[in-house]
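This is what each chain is made of:
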Amino acid sequence: MKKIKKSYFKKKKVKIPYTVVRSNKAKASRIDITIREMRVTVSKNSRIKPFEFIAQKEDWIIKKWKEFEKLRDKIPKRKFTPGSKWPYKGKKKTLAVRNVPDSFLEKDKIILSGKKVKKNGVKLELERFYKKEARKYFTELVDKWSDKYGVEYRKIYIKNQKTRWGSCSNKGNINLNWRLIMTRPDISEYVVAHEVTHLIEKSHSPGYWGILSKHCDNIKEKKRWLKDNSPSLIFTEKDL
Ligand SMILES: [Zn+2]
């Protein structure tokens, strides 16, 4: 694959930066739209010119780009500097660096260990802090929910998947996205409850929702919240 051109698509008040890629591997040409840009992949066998291909798909491109608009407004500007604000369990905390052996939470502050910041940088140390907090908090929640149901899980994995907040494997492992530590506790607890319920019922059958709704309130609102607010829970834009 080779990048050949970076340009802008302008029409009907939208301006979309895009890249054209000529690919030997791609069987057919295609257009991908992400939250920030458009990528036009042109198959080597295709005789269509990129601008013609774009013109063909124009309506779809504009529609898709506008769908992202609402989400784009919710992307926070992330700063990895002391004094910047970061969410923790739905509340804003101020980042500070102090001469302490390990990073920790102090009321309205996230205190990062100066020694570790020196070694890893603020970004990596903050990520490490979040993951550590996520592991602690989610383990408590998974224990609480599996006790409630009287089921057993195998292991908890703390991950960072772009498109998933959680999953439950056939082996009984619970996977949870550490970025959920940033959001309201009732939202992250919903995700945990959702996954632990899969230990009883694998599919999203009526039976599954029956069990979950017996133990968890406002499921619809929480699902909606996650769908609408996922951009607010990014660590960096790579998570989008
Ligand atoms: Zn599910």
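From a predicted model like this one, the values you see are computed outputs, not experimental measurements.

1. Quick word on the overall build of the protein chain
For step 1, the next point in the chain: The helix and strand inventory of the protein chain stands at seven helices and 11 strands.
For step 2, the next point in the chain: Projected onto its principal axes, the C-alpha coordinates of the protein chain cover approximately 60 × 50 × 35 Å.
For step 3, the next point in the chain: Taking all 240 residues of the protein chain together, 42% fall into the buried category.
For step 4, the next point in the chain: Contacts spanning at least 24 positions in sequence make up 45% of the contacts within the protein chain whose residues lie at least 6 apart.
For step 5, the next point in the chain: As displayed, the protein chain offers around 14,600 Å² of accessible surface, 50% of which is attributable to carbon and sulfur atoms.
For step 6, the next point in the chain: Of note, the protein chain has its 64 positive side-chain charges centred 7 Å away from the centre of its 27 negative side-chain charges.

2. Section: the coordination of the zinc ion
For step 1, the next point in the chain: Protein coordination of the zinc ion is provided by His 194 (NE2), His 198 (NE2) and His 204 (NE2), with donor distances spanning 2.0 to 2.1 Å.
For step 2, the next point in the chain: Positions of the donor residues of the zinc ion, expressed as sequence spacing, correspond to H-x3-H-x5-H. With His 194 in helix H5 (residues 185-197) and His 204 in the loop between H5 and helix H6 (206-215), this residue pair connects regions lying 10 residues apart in the sequence.

3. Quick look at the sheet that holds strand E10 (residues 166-168)
For step 1, the next point in the chain: With respect to topology, three strands assemble into an open sheet ordered E9-E11-E10, the strand pairing being mixed. Of all the strands in the sheet, the pair left with one neighbour each is strand E9 (156-159) and E10. Sheet twist, expressed as the mean angle between neighbouring strand axes with direction ignored, is 15 degrees.
For step 2, the next point in the chain: Contacts from H5 reach E10 and strand E11 (174-177), with the element oriented near 160 degrees to E11.

4. Some thoughts on the domain arrangement of the protein chain
For step 1, the next point in the chain: On domain assignment, one finds that the protein chain holds domain 1 (2-73) and domain 2 (85-239).
For step 2, the next point in the chain: Taken over C-alpha atoms, the centre of domain 1 sits 34 Å from the centre of domain 2.

5. Notes on the packing of H5 against H6
For step 1, the next point in the chain: Running from N to C, H5 and H6 point in directions that differ by 135 degrees, and their axes come no closer than 10 Å. Judged on the interaxial angle alone, H6 and H5 are oblique. In this structure, H5 meets H6 at a crossing whose hand is right-handed. Across the interface between the two elements, Tyr 190, Ala 193, His 194 and Thr 197 from H5 touch Tyr 208, Trp 209, Ile 211 and Leu 212 from H6.
For step 2, the next point in the chain: Split into classes, the residues belonging to the contact of H5 with H6 amount to six nonpolar, two polar and no charged.

6. Some thoughts on the environment of Leu 180
For step 1, the next point in the chain: In this structure, Leu 180 sits in the loop between E11 and H5.
For step 2, the next point in the chain: Its relative accessible area of 1% is what places Leu 180 among the buried residues.
For step 3, the next point in the chain: Sequence spacing of Leu 180 and Gly 166 is 14 residues, and the spatial spacing of their C-alpha atoms is 9.4 Å.
For step 4, the next point in the chain: For Leu 180, the contacting residues outside a window of four places in its chain are Phe 138, Trp 165, Ser 188, Val 191 and Leu 226.

7. Regarding the packing of aromatic side chains
For step 1, the next point in the chain: Summed over all chains, the structure comprises 12 aromatic pairs.
For step 2, the next point in the chain: Taking the centre distance of 6.1 Å and the plane angle of 35 degrees together, the rings of Tyr 88 and Phe 129 count as tilted. One end of the pair, Tyr 88, is in strand E5 (residues 85-88); the other, Phe 129, is in helix H4 (residues 122-149), with 41 residues separating them in the sequence.
For step 3, the next point in the chain: By relative accessible area, which is 1% here, Phe 129 ends up buried.
For step 4, the next point in the chain: Ring centres of Tyr 137 and Phe 138 lie 5.8 Å apart, and the angle between their planes is 40 degrees; on these two criteria the pair is classed as tilted. For the pair shown, Tyr 137 and Phe 138 are each scored as buried.

8. Quick word on the state of the cysteines
For step 1, the next point in the chain: Using the criterion set out here, one finds zero disulfides in the structure.
For step 2, the next point in the chain: Here Cys 168 stays free of any disulfide, with the sulfur of Cys 216 as its closest cysteine sulfur at 16 Å.
For step 3, the next point in the chain: In this structure Cys 168 comes out as partly exposed when scored by relative accessible area, which is 22%.
For step 4, the next point in the chain: For Cys 216, a relative accessible area of 9% gives the class buried.

Rules and cut-offs
Residues numbered from 1 in each chain as written. Predicted model: local features only at pLDDT ≥ 70, side-chain atom pairs only at ≥ 80, totals over all residues. Heavy atoms only, no water. Helix = DSSP H or I, 4+ residues; strand = E, 2+ residues; numbered from the N terminus. Buried < 20%, exposed > 50% of the residue type's maximum accessible area, 1.4 Å probe, protein only. Contact = heavy atoms within 4.5 Å. Areas by Shrake-Rupley, 256 points an atom, 1.4 Å probe, with all protein chains shown as cover. Lys, Arg positive; Asp, Glu negative; His and termini not counted. Charge placed at Lys NZ, Arg CZ, Asp CG, Glu CD. Donors = N, O, S within 2.8 Å, 3.2 Å for Na, K, Ca; no water. Pairing = 2+ DSSP bridges. Axes fitted to C-alpha atoms, helices over the stretch in contact; angles between N-to-C directions. Domains from an automatic or database assignment. Parallel < 35°, antiparallel > 145°, perpendicular 65-115°, else oblique. Left-handed = near helix turned anticlockwise from the far one by under 90°. Nonpolar A, V, L, I, M, F, W, Y, C, P; charged D, E, K, R; others polar. Phe/Tyr/Trp six-rings, centres within 6.5 Å; stacked < 30°, edge-to-face > 60°. Disulfide = S-S within 2.5 Å.

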